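Each chain, written out:
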Amino acid sequence: MFEITINDKKLNGDDSMTILDAAEMSGIKIPTLCFLKGFTPLGACRVCVVEVEGANTLTAACSTPLRADMVIKTHSPRVQRARQSVLELLLSEHEGDCKFCSRSDDCELQALALELGLEAPRFEGEKNHLKTDSSTAALVRDPEKCIKCRRCVAVCSQRQGVGALFPQYRGFATTIGPAFHSDLDSVTCVQCGQCVAVCPVEAISEKSHIADVLRALEDPEKHVIVQTAPAIRAALGECFGYPPGVLVTGKMTAALRRIGFNKVFDTNFSADLTIMEEGSELLQRLRTVLEEGKSAALPQFSSCSPGWINFTEHFFPEYIPNLSTCKSPQQMFGALAKTYYAQKSGIDPDKIVVVSVMPCTAKKFEAARDEMCDSGFRDVDYVLTTRELGKLIRLQGIDFTSLPDEEMDVPMGLSSGAADIFANSGGVMEAAIRTVYELTTGKELPTENLHITPLAGLDGIKEASLRIEGTKSPWNFLEGVELKVAVAHGLGNAAALLEDIKAGKRNYHFVEIMTCPGGCIGGGGQPRFTTDEVREKRIAAIYSEDEGKPLRKSHENPAITEIYAEFLGEPLGEKSHHLLHTQYTRKE
Amino acid sequence: MTSTPALHQNSAEQQELLHNIVDSLKDQEGALIPILQAAQDSLGFLSTESLKTISKLLNMPYSEISGVVSFYSYFTTMPRGRYTIRVCLGTACYVRGGKQLLEELKKILQIEVGETTEDKLFSLEVGRCFGACGLAPVLMINDEIHQRVKPTKLAALLAPYKSENDSEATDESPKISQEDAQ
């Protein structure tokens, strides 16, 4: 510990802290652009420069550690002039018209220009003329808008272990992108959109489906139904000024109805169905190994997260047999909407348009996969991110905050609390165990409030074990079995867990993997800016939604009982196999 | 004169060569650059196929490797001529006439930077300091350094390379097919 002075204020610090940390502690806001909490600071953008007494030049606050007796000025006239110049130079290379930019509402560059008091452009810079890359189903890259802050590089390589984006070339010609000047579809990209979530400008964003959805809504021939993923209700409010962690399920439902969707349904419904299918699949694999003494691919891996599916196909194809054959809840919903719902409501499936609202960009890719046409039609037609739904609500002139709370439509809008927690890392596992334990023992999961605490929270890799006792027929082969499970979120953590499993260092029966940090509540399509603090608030909101529901277990959902009785038969039955399950293949 | 890069191997031989290069160098720290250098020295240039092979063998993203290749002017993803002329445009060479040397070479060879003459004899590249600033301006022809070069002396400087090539048996000259130059 030593003393430093920051803007004439004394402060104790040590050399593990940076000038930026010290400023934050003192309530001083130093502007930043390339800085991303949790990653090694790059000091690349120079927006955070400060004056340190005795130093010849200004220094980047994000990457300079404190030294004893440092005297720092964070907003001296010299610093302010330098910051303005840095920003003016960045702007001189930044191509784009702010009036027509989708990021106008949350562009960090624009906000900084305002904060630093820039008035008119002083420099007309040379521009790199580069084409927009729309090669993938989910993402659009506009390299002319890129300010080369490299946040996307940090998340893509360090957090996700994918490495699709890196700096290419050098000097003025530098671009941040896939190899050389190629398109994103020519390299391995799982389309998780974590790059989109951290980009300060509109250099990379989701491929918008708003226009397609509006066209479908306008068409009197079409019956347009919407499903919303569990994670939306804990984040959509942020698009309308609510603090993170406020549940807006009822208002969201009301808004979707006012937009003009013919039915407002819930991905939660098919999340409950996923538990029935995925839980049964796990029990079947366990029976094969434990009772029949034959081999089955264990651990079973969850398959709800499309980025994780892409990741397995590209990086760990040897584990494809371990992936649950269950489609994700989004795709189960789509396949049932154009079969079960069409039949039940007497509507021609050809006229049904299924729109999803997802916290995710990879869901756009998933909906467009060749495999996802088992209803005989494109199972899910369009996918909006949470952010896109926010824009659509505004576009339709709906005053979100003054909306009443409304209920979703039946039958595909009914769900249990187990479905809500799909949004959180650890939630799919907890939901599955609630059902599997009760189905095999006839007793409720004996944990406090039905939660499995070691699997919750933001630790990258979490594990738990549960002894199954008091089994009933035909599950006696599970008597005394210690069910071992693990949960990982963020693909870098997933890769580390997989390497350990491969090396025999860890052993499980069931593993849940979510592509994005925190699970779907931290998805690439969620409102910006998602920090760990925001993640925790959304996670807490989701748990409270679960706890507030009269039904907490998927197998208790009456709409699920009904769909098996009326349409599907039984879990893993022939119809389920055809509509709700799929197979994935190795990708180069 | 330095050896001619072997450009005649087929794909299987190239794969084996890359495997050997990666195996012998991969354990040292910062192995990527020495591997890329060795691969380019052996194969003449770094093709997409070669880079993807290196990416797989090192378990390193292709975009990261291309970032290194495109950063350093030394690396080329296009087939080169028999002699690569690199004109240093580092600060010292630049102020002592490196730029004029480059312009004169463009005129003599009738090519731009990064291109190769029609007879596949010379390729023209720019270097960023060879660490011989006291000898500025400097240019390199393959591994040979030429110091204090004057634009007026360039034609004479290139003459021996041209004549040596003429005197050699034609089947030893580098074969660069259009296929390679993708």
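In the block above lies the structure referred to throughout.
Computed from a prediction, not measured in an experiment: that's the story for all the values here.

Peer 1: Quick question: what am I supposed to make of the overall build of chain B here?
Peer 2: Scanning chain B from terminus to terminus reveals 6 helices and 4 strands. Within chain B, the proportion of its 182 residues that are buried is 43%. When contacts within chain B are restricted to residue pairs at least 6 apart in sequence, those whose partners lie at least 24 apart make up 64%. Total accessible area on chain B stands at roughly 9,700 Å², and carbon and sulfur atoms take up 49% of it.

Peer 1: Help me understand the side chain of Ser 55 of chain B in this model?
Peer 2: All names here are of chain B. Along the chain, the position of Ser 55 falls in helix H3 (residues 48–58). Overall, the relative accessible area of 12% leaves Ser 55 in the buried class. Within the structure, the side chain of Ser 55 is placed 3.5 Å from the backbone nitrogen of Tyr 62, a separation counted as a polar contact.

Peer 1: Is there a simple way to explain the sheet that holds strand E5 (residues 71–73) of chain A in this structure?
Peer 2: Two modes of strand pairing occur in sheets, parallel and antiparallel, and in both the strands are linked by backbone hydrogen bonds. Residue and element names in this part refer to chain A. Within the open sheet, the 5 strands sit side by side as E2-E1-E5-E3-E4. Their pairing is mixed. Strand pairing shows two members of the sheet lacking a second neighbour, strand E2 (9–13) and strand E4 (59–60), which therefore form its edges. As paired elements, strand E3 (residues 49–52) and E4 share 2 bridges and run antiparallel to each other. Within E4, the residue paired with Val 49 across the bridge is Ala 60. The sheet contacts of helix H2 (residues 77–93) involve E3 and E5, and relative to E3 the element is tilted by about 155°.

Peer 1: What's the story with the interface of chain A and chain B in this structure? I'm lost.
Peer 2: With 16 residues of chain A at the interface, the matching set in chain B holds 16 residues. A combined buried area of about 1,100 Å² lies between chain A and chain B, and 59% of that area is made up of carbon and sulfur atoms. Joining chain A to chain B, the criterion identifies 0 salt bridges. Taken together, chain A and chain B are joined by 8 residue pairs in polar contact (both at pLDDT 80 or more). Take the side of chain A that touches chain B: its biggest share by element is 3 residues, from strand E7 (residues 166–168) of chain A. The residue inventory of the side of chain A that touches chain B, partitioned by class, reads 10 nonpolar, 4 polar and 2 charged.

Peer 1: I would appreciate a short explanation of the sheet that holds strand E16 (residues 482–489) of chain A in the present structure.
Peer 2: All names here are of chain A. Taken in spatial order, the 4 strands line up as E12-E17-E16-E15 in an open sheet, and their pairing is mixed. The open sheet has two edge strands, strand E12 (300–301) and strand E15 (461–467), and neither has a second partner. Seen against the sheet, helix H15 (residues 491–502) touches E12, E15, E16 and strand E17 (510–514) and runs at an angle of roughly 145° to E16.

Peer 1: In this structure, what is going on with the pattern of salt bridges? I would like to understand it.
Peer 2: Pairing between side chains of opposite charge can happen when their charged atoms approach one another. Residue and element names in this part refer to chain A. On inspection of all chains with the given rule, the structure shows 54 salt bridges over all chains. Put simply, Lys 364 and Glu 388 hold a salt bridge, and the shortest N to O gap is 2.7 Å. Here the residue Lys 364 occupies a position in helix H11 (residues 362–367), and Glu 388 occupies one in helix H12 (residues 386–395), the gap between them amounting to 24 residues. Look at Glu 388 and you get buried, because its relative accessible area is 3%. Put simply, Arg 506 and Asp 500 hold a salt bridge, and the shortest N to O gap is 2.8 Å. If you follow the salt bridges from partner to partner, you end up with Arg 233, Asp 266, Asp 420 and Lys 549 in one network.

Peer 1: I keep staring at the packing of aromatic side chains and nothing clicks. Help me out?
Peer 2: When we look at a pair of aromatic rings, we describe it by the centre distance and by the angle of the planes. Scanning all chains against the criterion turns up 17 aromatic pairs over all chains. The interplanar angle of 80° and the centroid separation of 6.4 Å between the aromatic rings of Tyr 242 of chain A and Phe 400 of chain A together place this pair among those described as edge-to-face. Within this pair, whereas Tyr 242 of chain A is found in the loop between strand E10 (223–228) and helix H7 (249–259), its partner Phe 400 of chain A is found in the loop between H12 and helix H13 (417–420), the two being separated by 158 residues in sequence. Ring geometry for Phe 311 of chain A against Phe 315 of chain A: centres 4.8 Å apart, planes inclined by 35°, an arrangement best described as tilted. Within this pair, Phe 311 of chain A and its partner Phe 315 of chain A are both found in helix H9 (residues 306–315), separated by 4 residues, close to a single helical turn. In textbook terms, an aromatic cluster arises when at least three aromatic residues are bridged by ring pairs, as seen for Phe 71, Tyr 72, Tyr 74 and Phe 75 of chain B. Positioned above the aromatic ring of Phe 71 of chain B, the side-chain terminus of Arg 170 of chain A is 4.2 Å from the ring centre.

Peer 1: What am I meant to see in the nonpolar core here?
Peer 2: If you look at soluble globular proteins, the nonpolar side chains tend to sit buried side by side. Counting residues in each nonpolar core, the largest one holds 76 residues, and the members touching the most others are Phe 301, Trp 308 and Ile 513 of chain A together with Leu 36 and Ile 54 of chain B. If you tally residues by element for this core, the top one is H15 of chain A, at 6 residues. Apart from residues no more than four positions distant in its own chain, Phe 301 of chain A is found in contact with Glu 278, Trp 308, Tyr 319, Asn 322, Leu 323, Ser 324, Leu 498, Ile 501, Phe 510, Val 511 and Ile 513 of chain A. Of all hydrophobic cores here, the second largest spans 60 residues; its members include Met 252, Val 264, Phe 265 and Ala 342 of chain A.

Peer 1: How should I be thinking about the pairing of E17 of chain A in this particular structure?
Peer 2: All names here are of chain A. Of all 5 residues that make up E17, 5 are buried, and the element is covered over most of its length. The side-chain alternation of E17 yields two buried faces, one formed by Phe 510, Glu 512 and Met 514 and the other by Val 511 and Ile 513. Two strands pair when backbone bridges link them, and E12 and E17 are joined in this way by 2 bridges, in the parallel orientation. The residue bridging Gln 300 from the neighbouring strand is Phe 510, located in E17. Note: E16 against E17, 5 bridges, orientation parallel. Each residue of the ladder has a partner; that of Ala 486, found in E17, is Val 511. In terms of handedness, the path from E16 via H15 over to E17 forms a crossover that is right-handed.

Peer 1: Is there a simple way to think about the side chain of Glu 313 of chain A in this case?
Peer 2: Residues and elements named next belong to chain A. Mapping Glu 313 onto the fold places it in helix H9. A polar contact is formed between the side chain of Glu 313 and the side chain of Arg 369, at a distance of 2.7 Å. Among the polar contacts listed, one links the side chain of Glu 313 to the backbone nitrogen of Thr 585, at a separation of 3.4 Å. Contacts of Glu 313, omitting those with residues within four sequence positions, involve Ile 320, Arg 369, Tyr 584, Thr 585, Arg 586 and Lys 587.

Peer 1: Can you help me understand the environment of Ile 72 of chain A in this one?
Peer 2: Residues and elements named next belong to chain A. Tracing the backbone shows Ile 72 in strand E5. Sequence separation of Ile 72 and Ala 61 is 11 residues, and the distance between their C-alpha atoms is 9.7 Å. Those residues in contact with Ile 72 that lie beyond four places of it in its chain are Ile 4, Thr 5, Ile 6, Asn 7, Ile 19, Val 50, Glu 51, Val 52 and Leu 66.

Criteria and cut-off values
- Residues numbered from 1 in each chain as written.
- Chains lettered and ligands numbered in written order.
- Predicted model: local features only at pLDDT ≥ 70, side-chain atom pairs only at ≥ 80, totals over all residues.
- Heavy atoms only, no water.
- Helix = DSSP H or I, 4+ residues; strand = E, 2+ residues; numbered from the N terminus.
- Buried < 20%, exposed > 50% of the residue type's maximum accessible area, 1.4 Å probe, protein only.
- Contact = heavy atoms within 4.5 Å.
- Areas by Shrake-Rupley, 256 points an atom, 1.4 Å probe, with all protein chains shown as cover.
- Polar contact = N/O pair within 3.5 Å; in protein donor to acceptor, adjacent residues only side chain to side chain.
- Pairing = 2+ DSSP bridges.
- Axes fitted to C-alpha atoms, helices over the stretch in contact; angles between N-to-C directions.
- Buried area = accessible area lost by both parts, 1.4 Å probe.
- Salt bridge = Lys/Arg side-chain N within 4 Å of Asp/Glu carboxyl O.
- Nonpolar A, V, L, I, M, F, W, Y, C, P; charged D, E, K, R; others polar.
- Phe/Tyr/Trp six-rings, centres within 6.5 Å; stacked < 30°, edge-to-face > 60°.
- Lys NZ or Arg CZ within 6 Å of the ring centre and 35° of its normal.
- Core = buried A, V, L, I, M, F, W, Y, C linked by side-chain atoms within 4.5 Å.
- Right-handed = clockwise from strand over helix to strand, strands pointing away.

Remember, this is a structural readout, not a statement about activity or role.
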